[in-house]
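If you want the building blocks of each chain, they are given just below.
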Amino acid sequence: MFNQEDIFLLIKAIKDNGGYDFSNYSEKSFARRVEKVLIDYRLDIYSLINRVKIDKPFLEEIIKSITVNTTELFRDPQAWQALKYRVLPRLLSKSEINIWHAGCSIGLEVYSMIILLNELGVLNKTKIYATDINSDVLKTAESGVYSYRAVSEYLNNFNSALCENPYNFDEHLVITHDQYFDINKFKDTFKVKPEFLGKVIFKKHDLVNDKNPFDIKYDLILCRNVLIYFNNSLQNKLFVDFWNYLQPNGALLLGIHESIIGPLSAKFDKKGLVYFKKL
Amino acid sequence: MKYIVIGGSAGSFQTVSAILANLPKNYPHAVFLCLHRLKNVRGGFVEALSLKSNIPVCEPFDKDQIVPGIAYLAPANYHLYVTNDGFSLTTEEAINHSRPSIDVTFFSLANTKKNDVVGILLSGANKDGAAGIKSILDAGGKIIVQSPDECQVKTMPLAAIKLTSIDYSMNTKDIIDFLKNLKG
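Residues numbered from 1 in each chain as written. Chains lettered and ligands numbered in written order. Predicted model: local features only at pLDDT ≥ 70, side-chain atom pairs only at ≥ 80, totals over all residues. Heavy atoms only, no water.

Draft legend 1. View of the sheet that holds strand S8 (residues 246-253) of chain A. All names here are of chain A. Ordered in space as S6-S2-S1-S7-S8-S10-S9, the seven strands form an open sheet in which the pairing is mixed. Either end of the sheet is taken by a strand with one partner, and the two such strands are strand S6 (200-204) and strand S9 (268-271). Within this sheet the neighbouring strands show an average axis-to-axis angle of 20 degrees, counted without direction. Pairing of S9 with strand S10 (residues 274-277), which is carried by four bridges, proceeds in the antiparallel orientation. Pairing of Lys271 across the sheet is with Val274, part of S10. (Pairing = 2+ DSSP bridges. Helix = DSSP H or I, 4+ residues; strand = E, 2+ residues; numbered from the N terminus. Axes fitted to C-alpha atoms, helices over the stretch in contact; angles between N-to-C directions.)

Here you go:
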């Protein structure tokens, strides 16, 4: 389908015409996404490269297909339980809490966070920031409107993440889906209730090229299953960035099968699933 | 070192468990398990497999290196790729409703480890793994299906048999013997 040199040419064309830098993506996963684009658009690699060079809107569209946009409500309930019982309690007494979702896609994780913060009674003093490289997914995230069919499979996660206490099996809270969502199975809609919209500052942001998108220090950064698409050196750069953007003792949550390897591992303390910034 | 990759779905747990129980300690090859599981039963699988296993079972992290003598279980809700730089996990879309997808893991091993791969497809109720096991054969590896007569659900091995020629169709006991005698 294509060889290494074609991939270099494509990466160069994307960088020259769009400013996006894929040169430190994990080689294999980038090649795979390109393969998908070629099939979806019925193109060969040379037509793709040539079109990327001259057609900016097409290039922007391609970026959206190359980057992975999957996200879930309360993915890995044990991670949310860790946030609820081990991370957020340390922040409750602060006058303001700042949280950044880096690579938020269509926002399901962001709304999971809003629900959790509301349950803990600290939603109003929390500023939530969310960014993605893809402006389309940000629009969906901002609207809070999803397809019931696509999202309903995550409702079990909602139940385990919010209602069960892994540290006290006798505790079982009752939190219903309709407290947070207007669900219409027949119209296939799953909407975040209006009172929980408008609480997030969304911004288009490229983790690879751009600096801290909001110029503040965060108490918690979530960047889950994003860095798996990057190679080690780009991962290291981002761990340095995150370390710099965190408050002292600030927390970083990655995907549950990701870890900080390399030089920055010494500058974070890993407790359970969460990394805490060491000074 | 050989790369033994086992795909299974409904009805495959006992066979996988029997294989792991019978491999010798310090097994010279690496074992990869790509098994479908219930969406909401995500924890406890490593523990369940470890109970009887003679070799360590673990779910790899992204970018972990491959070590012989370990059985690597594809983590729930990720695709597992084996590359020349170790493991790569992704959250790309499910393929044929499966994540992990057996095809994905099979393709990646065929791609990187060629004729050092042994692909094994066990009991299951869908067609995941058929195209992938063919790619292992095409890349020079050996391929085995669990004998359909022994399978609780034979759809998966039959899909492979329909798509490609198979080196061996074996019951669990013969698969175990084959793996114990595998030279690397």
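Let us keep going from here.
Draft legend 2. Representation of the interface of chain B and chain A. At the junction of the two partners, chain B supplies 21 residues and chain A supplies 27 residues. Interface area, chain B with chain A, both sides summed: about 2,000 Å², of which 44% is carbon and sulfur. The interface formed by chain B and chain A includes four salt bridges. The salt bridge involving Arg33(A) is made with Glu92(B); its shortest N-O contact spans 3.0 Å. Connecting chain B to chain A are twelve residue pairs in polar contact (both at pLDDT 80 or more). Of all the elements in the fold, those that place two or more residues in the side of chain B that touches chain A are strand S5 (79-83) and strand S6 (86-90) of chain B. Across the side of chain B that touches chain A, the residue classes tally to seven nonpolar, six polar and eight charged. (Contact = heavy atoms within 4.5 Å. Buried area = accessible area lost by both parts, 1.4 Å probe. Salt bridge = Lys/Arg side-chain N within 4 Å of Asp/Glu carboxyl O. Polar contact = N/O pair within 3.5 Å; in protein donor to acceptor, adjacent residues only side chain to side chain. Nonpolar A, V, L, I, M, F, W, Y, C, P; charged D, E, K, R; others polar.)

Draft legend 3. Quick look at the domain arrangement of chain A. All names here are of chain A. The domain boundaries assigned to chain A delineate domain 1 (4-66) and domain 2 (77-277). Placing the centre of domain 1 and that of domain 2 at their C-alpha centroids yields a distance of 29 Å. Between domain 1 and domain 2, the contact holds eleven residues from the first and 14 residues from the second. Overall, the association of domain 1 and domain 2 removes approximately 970 Å² of surface from exposure, summing both partners, and the carbon and sulfur fraction of that is 50%. Joining domain 1 to domain 2, the criterion identifies one salt bridge. Of the charged contacts, one joins Lys64 and Asp136 as a salt bridge, the two residues approaching to 3.2 Å between their closest N and O atoms. Here domain 1 and domain 2 share five residue pairs in polar contact (both at pLDDT 80 or more) between them. (Domains from an automatic or database assignment.)

Draft legend 4. Just the pattern of salt bridges, in detail. Scanning the model with the defined rule gives 24 salt bridges over all chains in all. For Arg224(A), the salt bridge goes to Asp76(A), with nearest N and O atoms at 2.9 Å. Highlighted residues: Arg224(A) in the loop between strand S7 (218-222) and helix H10 (232-245) and Asp76(A) in the loop between helix H4 (56-66) and helix H5 (77-87), separated in sequence by 148 residues. Ionic pairing is found between Asp241(A) and Lys211(A), a salt bridge with its closest N-O pair at 3.8 Å. Here Lys211(A) lies in the loop between S6 and S7 and Asp241(A) lies in helix H10, a separation of 30 residues in the sequence. Using a relative accessible area of 56% as the deciding quantity, one classes Lys211(A) as exposed. If you follow the salt bridges from partner to partner, you end up with Glu72(A), Arg75(A), Asp76(A), Arg224(A) and Arg99(B) in one network. (Buried < 20%, exposed > 50% of the residue type's maximum accessible area, 1.4 Å probe, protein only.)

Draft legend 5. Focus on the sheet that holds strand S1 (residues 3-8) of chain B. Residues and elements named next belong to chain B. Overall, parallel pairing links the seven strands, which are arranged S3-S4-S2-S1-S7-S8-S9 in an open sheet. With one partner strand each, in any of the chains shown, strand S3 (57-58) and strand S9 (168-170) form the two edges of the open sheet. As paired strands, S1 and strand S2 (residues 30-35) are joined by six bridges and run parallel to one another. Paired with Gly7 across the strands is Cys34, a residue of S2. Against the sheet, helix H1 (residues 13-22) makes contact with S1, S2, S3, strand S4 (71-73) and strand S8 (142-146), and its axis sits at roughly 165 degrees relative to S2, the strand it touches most. On the sheet, helix H3 (residues 102-113) packs against S1, S2 and strand S7 (117-121) and is oriented at approximately 165 degrees with respect to S1.

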